[in-house]
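Letter by letter, the chains look like this.
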Amino acid sequence: MGSSLGFNLFDGNEIVYFGMFDLENAKEIVFRMKLLLQNLSQAHDMVETVTSKNISPDMLDKIRELWKRIKVEALINDELDKGLIIDKISKLTQNLTIIPWNILNSSDLKDKVKLEYDSIGDI
C-alpha cells in the first residue's frame, strides 16, 4: 500500500510504514504522508463497514488487533521545518481514521537508536 509512495513496510511487534524522505522537499513529504494515511484510513473503513459483515467475529477481532499495530513514520532532512510539516499533515488528515504517525529528523533517529542499544544492555 505504501511502496509506490516510497514507504518500506517493517513488520514485527509493530507494523511500520517507514519513509526515508531526507532528500525530498516539504511539499512532497506532506503529499506522500497524506496519500498513505488516506489509503490506510480507507482500508480501515472498508474493513469496518463492508468486510466486517462477511467474516466471523473472531476474525474481525484479529483484524482489529492488527490495525492497532500499524503506524507510519517518515525521516526528513534536518534543514526542513519539522513542526510546519507536522501541522500541515495534521490539518490535511484531521477527518481520517486515526493511524498513528510521526515525522523524524536525524536527532530523533539517533535517540531511537540509542534507546534500542540501551535496551540490549551489556554483552
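Scroll up for the structure.
The text that follows walks through the structure, step by step, so that each part is easy to find. (Residues numbered from 1 in each chain as written. Predicted model: local features only at pLDDT ≥ 70, side-chain atom pairs only at ≥ 80, totals over all residues. Heavy atoms only, no water.)

## Re the packing of helix H1 (residues 26-49) against helix H2 (residues 57-68)
Part 1 of the reasoning: Where H1 contacts H2, the axes come no closer than 11 Å and their chain directions differ by 160 degrees. Relative to H2, H1 is oriented roughly antiparallel. The two elements H1 and H2 meet at a crossing, and its hand is left-handed. Where H1 abuts H2, its residues Leu40, Ala43, His44, Val47 and Glu48 lie against Leu60, Ile63, Arg64 and Trp67.
Part 2 of the reasoning: Class assignment of the residues belonging to the contact of H1 with H2 gives a composition of six nonpolar, one polar and two charged. (Axes fitted to C-alpha atoms, helices over the stretch in contact; angles between N-to-C directions. Helix = DSSP H or I, 4+ residues; strand = E, 2+ residues; numbered from the N terminus. Parallel < 35°, antiparallel > 145°, perpendicular 65-115°, else oblique. Left-handed = near helix turned anticlockwise from the far one by under 90°. Contact = heavy atoms within 4.5 Å. Nonpolar A, V, L, I, M, F, W, Y, C, P; charged D, E, K, R; others polar.)

## Some words on the sheet that holds strand S1 (residues 7-11)
Part 1 of the reasoning: Pairing within the open sheet is mixed, and its four strands lie in the order S1-S2-S3-S4. Sheet topology places S1 and strand S4 (101-104) at the edges, where each strand pairs with a single neighbour. For this sheet, the mean angle separating the axes of adjacent strands, direction not counted, is 20 degrees.
Part 2 of the reasoning: Inspection of the sheet shows strand S2 (residues 15-21) paired to strand S3 (residues 70-76) by seven bridges, in the parallel sense. Paired with Ile15 across the two strands is Ile70, which belongs to S3.
Part 3 of the reasoning: Across the face of the sheet, H1 comes into contact with S1, S2, S3 and S4 while running at roughly 175 degrees to S3.
Part 4 of the reasoning: Here helix H4 (residues 106-120) sits on the sheet and contacts S3 and S4; the angle it forms with S3, its principal contact strand, is near 125 degrees. (Pairing = 2+ DSSP bridges.)

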